[in-house]
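# Coordinate inspection notes
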Amino acid sequence: MIRRSWMTGASIEATLELWASSLRDVKARMRPLFRQERVAISAGQFLDGLLGEERRKTGWMRAEAAGDPGPWRQQAILGRGHWDADALRDIVRGYALETLADADAVLVVDETGFLKQGKTSCGVARQYTGSAGKITNCQIGVFASYVSRHGHAFIDRALYLPKAWTDDPDRMARAHVPENVPFATKPALALAMIERAIAAAVPFSWVAADSVYGVGDIEMALKRAAKGYVLGVNANHPFRSWNKPLAVAGTAKDIAEALPEDAWRRLSAGDGTKGARLHDWVYLELADLDANDFDATFPGIWTRGLLIRRNVADGDLAFFSTWCPIGTSMEKLVTVEGHRWAIEDSFETAKNELGLDHNETRSWHGWHRHVSLVMLAFAMMTVIRHRANAMPPPKTMRRSGRKTEN
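Remember, it's a predicted structure, so these values are computed and weren't measured experimentally.

### Observations concerning the overall build of the chain
- Looking only at helices and strands, the chain features 13 helices and 12 strands.
- By the burial criterion, 52% of the 406 residues in the chain qualify as buried.
- Long-range contacts, defined as pairs at least 24 residues apart, comprise 64% of the intrachain contacts of the chain with a sequence gap of at least 6.
- Summing over all exposed atoms, the chain offers an accessible surface of approximately 19,900 Å²; the carbon and sulfur share of this is 51%.

Shown next, in the form of structure tokens:
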């Protein structure tokens, strides 16, 4: 699966060599997870299948690509095998950061749905998912994507278990959910990912997320860790300024509707598939706080604010609670918010090309193993693209303008 549109700098020959060496590299990194060589080989073949051209990454399709008589070996990687999916998650994170690490990076948190039939797949329930735009039978996975100027890749994931699951011990046991897994809200899952990233010394300065994750414990944890954020909030979320020239108070929607037209600025949140993603924006500084005011262990003045986005076409409004070092510009905050597009692009690519939502297992371990292997495949593609595009373009023979005399 080599897409030349991603790799503008490298020749085809160099790209093939880079692809082969990268695949050997990632297989070697996950080899210590498996006790037996034959299981490690099957895991490598599973990865080959995810990266293959088959549109459906089913067990039979992966088995056919691996030359197996049936899907049993491929399915065993997700089910019967004994290996730690969280250890693979940590390998993926370390591997991705070797290429993507940047102090000004943004950690983007979002969720996606996995459409399912029946009631036995771990975490499945009738619940809303933006993937379908409605309430439907599905699993929900919460993800963290690392986004920097070098590229983006998933570095963490968690399966959301509704209360209908965590309140039913027999159902949990049938899906092989570990006994120490309690009910956790989606924001709680996201907070755990942020805390894991901080504990692992992942370099990032910002967190961006939509309104599902926009208030509460996540805000306080980021403040105490000296991380800025642009977090979505609902239209009825209250804001109030103090000691600022422009006094505002009320819900985000009421504040936005009271603004004069000349308060808005048209800015790009970054380039999308159709060029610059232009919206109208307003940024209101609400208060400046000393780090000591929120029990931080570092010095400095930070600004709490409200960022408002207005759709150019239909006037639809979106609201974001912000936290940043004093003096941070609106342009910077808009750019941080625009990084959320990267995880949406990642979900689409991972589903369409790597089979993120093609998991056929029903267990807790099966979901986390499948998703972690997809994350590794995605990270490998990101690393290949970065390295290939950094290569100098192949030299071409210059044509002589002189005519040959007869």
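### With respect to the environment of M220
- Tracing the sequence through the fold places M220 in helix α9 (residues 217–224).
- C-alpha of M220 to C-alpha of F294: the two residues are 74 residues apart in sequence and 8.2 Å apart in space.

### With respect to the packing of helix α1 (residues 12–30) against helix α13 (residues 364–390)
- At a minimum axis distance of 10 Å, the contact between α1 and α13 shows a crossing angle of 145 degrees. α13 is crossed by α1, and the crossing has right-handed handedness. Each of L18, W19, S22, L23, V26 and M30 in α1 lies in contact with α13, whose residues at this interface are L373, L376, M380, M381, I384, R387 and A388.

### Some words on the pairing of strand β10 (residues 275–290)
- The pairing of strand β9 (residues 265–272) with β10 spans six bridges and is classified as antiparallel. Bridge pairing in β10 links R265 to W281.
- In this structure, the hairpin formed by β9 and β10 is closed by a connection of two residues.
- For β10 and strand β11 (residues 301–310), the ladder comprises 10 bridges, and the chain directions are antiparallel. Looking at the pairing, L289 lines up with W302 of β11.

### Considerations on the packing of aromatic side chains
- Enumeration according to the criterion identifies 11 aromatic pairs in this entry.
- Centroid distance F143 to F347: 5.4 Å. Interplanar angle 80 degrees. Geometry classified as edge-to-face. In this pair, F143 sits in strand β3 (residues 134–148) while F347 sits in helix α12 (residues 340–354), placing the two residues 204 residues apart along the sequence. Of the two residues, F143 and F347, both sit in the buried class.
- An aromatic cluster of three or more residues is present, and its members are F114, F143, F154, F347, W367 and F378.
- Geometry around W264 places R310 over its ring, the cationic atom sitting 4.4 Å from the centre.

### Focus: the nonpolar core
- Judged by nonpolar contacts, the single largest core of 108 residues is most densely connected at M30, L51, F143, L161, L307 and L373.
- Among the nonpolar cores identified, the runner-up in size contains 14 residues, and V248, I255, W264 and V282 belong to it.

### Some points on the pairing of strand β5 (residues 206–209)
- Burial of the side chains of β5 extends over both faces: W206 and A208 are buried on one face and V207 and A209 on the other.
- Judged from the four bridges that link them, strand β1 (residues 106–115) and β5 form a sheet pairing that is parallel. Its bridge partner being in β5, V106 is matched across the sheet by W206.
- Summarising the sheet, β5 and strand β6 (residues 228–233) pair through four bridges and their orientation is parallel. Considered in β6, the bridge of V207 is made with Y229.

Quick notes on the rules
Residues numbered from 1 in each chain as written. Predicted model: local features only at pLDDT ≥ 70, side-chain atom pairs only at ≥ 80, totals over all residues. Heavy atoms only, no water. Helix = DSSP H or I, 4+ residues; strand = E, 2+ residues; numbered from the N terminus. Buried < 20%, exposed > 50% of the residue type's maximum accessible area, 1.4 Å probe, protein only. Contact = heavy atoms within 4.5 Å. Areas by Shrake-Rupley, 256 points an atom, 1.4 Å probe, with all protein chains shown as cover. Axes fitted to C-alpha atoms, helices over the stretch in contact; angles between N-to-C directions. Left-handed = near helix turned anticlockwise from the far one by under 90°. Pairing = 2+ DSSP bridges. Phe/Tyr/Trp six-rings, centres within 6.5 Å; stacked < 30°, edge-to-face > 60°. Lys NZ or Arg CZ within 6 Å of the ring centre and 35° of its normal. Core = buried A, V, L, I, M, F, W, Y, C linked by side-chain atoms within 4.5 Å.

Take it as geometry only, folks, not as evidence of what the structure does.
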